[in-house]
Amino acid sequence: KTNINGDIIWKKQLVYNEWNAAMGIRTNKNGKILLFGSMNNDANVVMLDACGDLMWCNSYHESFDYHTMYTDAVFLDNGDVVLLMATDYIDGRWDAGLISFSANGEYLWYHPFNLQQKYSFIKDLLYFWHLEKFDNFLILSGYGYYFYPDNPNIGLLKPMFIKTDTAFNEEWLLPYGLADISTNDTILGDARGVVEYDSSVLH
């Protein structure tokens, strides 16, 4: 941690034998620090206090049939944490989900989206990178491969967005440009964040 001039206030190194990806860091208004990524094949999160001392940690694992990783996180107003989870199933499917812990590290809930089962236009390898909190909902942004119209063996890379309702379940999924997919379509890529333009418009 540094001050505004870049002078080091404190420095600590957390060493875990199986930590293989630290994807991000978030802080809240009380100075608590959230580190997240993956450890071994499990999604992993660590909460530190303002001095950098360990408060709690959690390595989420439910099955040997898939690998999980946290890619982003937000603090809620009540101190709870919501993390964005990417899931890589052994059979080639990918999915996204949200998981929540209390400020004290107590597991609260997990909402998988099961997107490839719900949407027939998604081919494979969908991945969400960013999670933004607005007044009473969240927006996830990332990408997915969609079936090419004339050849289902080919996937088109497209940005993808999910909006949650107030209970953090999926309200809608917006695959950018999907209605315009054609052999001449050149809008390819992925989304890496959402900002609020005003109370009714997001960019």
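Read on for a plain summary of the structure. (Residues numbered from 1 in each chain as written. Predicted model: local features only at pLDDT ≥ 70, side-chain atom pairs only at ≥ 80, totals over all residues. Heavy atoms only, no water.)

1. Topic: the overall build of the chain
Right, so step 1: Each helix and strand in the chain was counted, giving one helix and 12 strands.
Right, so step 2: What you see in the chain, going N to C, is helices and strands ordered as β-β-β-β-β-β-β-β-α-β-β-β-β.
Right, so step 3: Looking at the chain as a whole, 46% of its 203 residues qualify as buried.
Right, so step 4: When contacts within the chain are restricted to residue pairs at least 6 apart in sequence, those whose partners lie at least 24 apart make up 43%.
Right, so step 5: Accessible surface, the chain as shown: approximately 11,000 Å² in total, 50% of it carbon and sulfur. (Helix = DSSP H or I, 4+ residues; strand = E, 2+ residues; numbered from the N terminus. Buried < 20%, exposed > 50% of the residue type's maximum accessible area, 1.4 Å probe, protein only. Contact = heavy atoms within 4.5 Å. Areas by Shrake-Rupley, 256 points an atom, 1.4 Å probe, with all protein chains shown as cover.)

2. Quick notes on the sheet that holds strand β10 (residues 138-148)
Right, so step 1: As summarised here, the arrangement of the four strands in space is β9-β10-β11-β12, forming an open sheet in which the pairing is antiparallel. Each edge of the open sheet is held by one strand with a lone partner, namely β9 (122-133) and β12 (170-175). Ignoring strand direction, the axes of neighbouring strands in this sheet form an average angle of 25°.
Right, so step 2: Pairing of β9 with β10, which is carried by eight bridges, proceeds in the antiparallel orientation. Following the sheet pairing, Phe128 is matched in β10 by Gly142. (Pairing = 2+ DSSP bridges. Axes fitted to C-alpha atoms, helices over the stretch in contact; angles between N-to-C directions.)

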